[in-house]
Amino acid sequence: AKYDGEKCKTPAVDEERLKELYVDAMNVLIEDKEDIVENLKVMLEMKLDDEGFATALRTAALELQKAEDDYRAIIDKQKISPVDFEEYEKQIKVAGIQYDEAKECYELLIEKNRTRTREAYELERFIEGFEALDGAVSEYDYDLMMRTVSRIKVFEDKSIVFEFICGTEISLEI
C-alpha cells in the first residue's frame, strides 16, 4: 500500500481555492516586478549566449569523429597488414573506449543544449507574461499560470508553495 494503512495527511485544495492562492502569490511576486524582470533578462542573455557552448559542441563533435576514424583505421589496417590478434584486440578495445567517452561527452552537450534552449524559452515566456501585467492581478489566468509557475507544493501544515520559473518561491497558508 502506498501509505502503509495511513491516510495521506496533505490537505486537499479545490481548484477554486488554488486559483485564489495563485492570484495572491502573483500579487506578492509583482511587488518586485522591476527587479525580477531585470534579473531574468540578464539570465536569459546568458542562456542565449552560445558562443562558448557552440565551440565546445564543435570540439566534442570533432573528437567523436576522430575517435570513430581511429577505430575504423585500426580495422582497415588489420585487413591490409594484420597484427597479432591480442594486439589487435587491445587496440580495438582502447579505441572503443575512446569512442564511447567521446560519444558520451557529445551526447551530454546535446542534452545540455536542449535543456538550455527549453529554459531560455520558459524564461522568455515568463518575462513576456510578467511584463504584460499592469498592476495587481485581479483574476486567475490559466495562460499566465502556465507561463509563470514551475511547481506547486502542498504541505501537511496547510501551507502551499508556488515555485515560479524565475526561481522565486512564495509560501501561503491554505
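Note that the structure is predicted; figures quoted are calculated from it, not measured.

Next up on the list: the pairing of strand β2 (residues 159–164). Burial within β2 is extensive, with six of its six residues counted as buried. Side-chain alternation along β2 places S159, V161 and E163 on one buried face and I160, F162 and F164 on a second face that is also buried. Where strand β1 (residues 149–154) meets β2, five bridges bridge the pair, whose relative direction is antiparallel. Across the sheet, the residue bridging to I152 is F162, located in β2.

Take the packing of helix α3 (residues 51–80) against helix α4 (residues 85–131) next. The contact between α3 and α4 brings their axes to 9 Å, and the two run at 155°. Here α4 runs roughly antiparallel to α3, going by the angle between their axes. Where α3 crosses over α4, the handedness of that crossing is left-handed. Looking at side-chain class alone, the contact of α3 with α4 contains 19 nonpolar, five polar and five charged residues.

The next subject is the pairing of strand β3 (residues 169–173). The side-chain alternation of β3 yields one buried face, formed by I170 and L172, and one unburied face, formed by E169, S171 and E173. Here β2 pairs with β3 via five bridges, running antiparallel. Within the sheet, the bridge partner assigned to I160 lies in β3 and is L172. Where β2 hands over to β3, the hairpin turn is made up of four residues, of which G167 adopts a positive phi near 100°.

In spatial order, the strands read β1-β2-β3; together these three strands make up an open sheet with antiparallel pairing. At either margin of the open sheet sits one strand with a lone partner, and together these are β1 and β3. Adjacent strand axes in the sheet meet at a mean angle of 15°, parallel and antiparallel pairs treated alike. The sheet strands contacting helix α1 (residues 15–30) are β1, β2 and β3, and the helix crosses β2 at an angle near 55°.

Attention now moves to the packing of aromatic side chains. Taken as a whole and judged by the stated rule, the model has four aromatic pairs. Aromatic pair Y22 and Y140: ring centres 5.9 Å apart, planes at 80°, arrangement edge-to-face. Separated by 118 residues along the polypeptide, Y22 in helix α1 and Y140 in the loop between α4 and α5 (142–148) bring together distant segments of the chain. Residue Y22 is classed as buried on the basis of its relative accessible area, which comes to 0%. Residue Y140 is classed as partly exposed on the basis of its relative accessible area of 25%. Members of the aromatic cluster, each reached through a chain of ring pairs, are Y22, Y140, F162 and F164. Positioned over the ring face of F53 is R116, at 4.4 Å from the centre of the ring.

Below, the discussion takes up the nonpolar core. Grouped together as the largest cluster of nonpolar side chains are 28 residues, with contacts concentrated most on Y22, M26, L29, F126, F130, F162 and F164. Among the elements of the structure, α1, α2 (33–48), α4, α5, β2 and β3 are those that each provide at least two residues to this core. By residue number, the principal contributor to this core is α1, which donates seven residues. Other than its neighbours up to four places away in sequence, F162 contacts L18, L21, Y22, A25, V149, R151, I152, T168, E169, I170 and L172.

So, about unusual backbone geometry. Located in the positive-phi region is K158, a residue other than glycine, with phi close to 65°. By the secondary structure assignment, K158 is in the loop between β1 and β2.

Under the defined criterion, the tally for this structure stands at one cavity of 30 Å³ or more. Considered as a void within the structure, the largest cavity measures approximately 30 Å³ in volume. Along the walls of the largest cavity sit I74, K77, Q78, S81, V83 and Q91, which together make up its complete lining. Of the residues belonging to the lining of the largest cavity, the class tally is two nonpolar, three polar and one charged.

Scoring rules and cut-offs
- Residues numbered from 1 in each chain as written.
- Predicted model: local features only at pLDDT ≥ 70, side-chain atom pairs only at ≥ 80, totals over all residues.
- Heavy atoms only, no water.
- Buried < 20%, exposed > 50% of the residue type's maximum accessible area, 1.4 Å probe, protein only.
- Helix = DSSP H or I, 4+ residues; strand = E, 2+ residues; numbered from the N terminus.
- Pairing = 2+ DSSP bridges.
- Axes fitted to C-alpha atoms, helices over the stretch in contact; angles between N-to-C directions.
- Parallel < 35°, antiparallel > 145°, perpendicular 65-115°, else oblique.
- Left-handed = near helix turned anticlockwise from the far one by under 90°.
- Nonpolar A, V, L, I, M, F, W, Y, C, P; charged D, E, K, R; others polar.
- Contact = heavy atoms within 4.5 Å.
- Phe/Tyr/Trp six-rings, centres within 6.5 Å; stacked < 30°, edge-to-face > 60°.
- Lys NZ or Arg CZ within 6 Å of the ring centre and 35° of its normal.
- Core = buried A, V, L, I, M, F, W, Y, C linked by side-chain atoms within 4.5 Å.
- 1 Å grid on protein atoms, 1.4 Å probe; cavity = no way out; pocket = protein on both sides within 12 Å on 5 of 7 lines; lining within 4 Å.
- Points joined across faces, edges and corners; volume = space filled by probe spheres on them.

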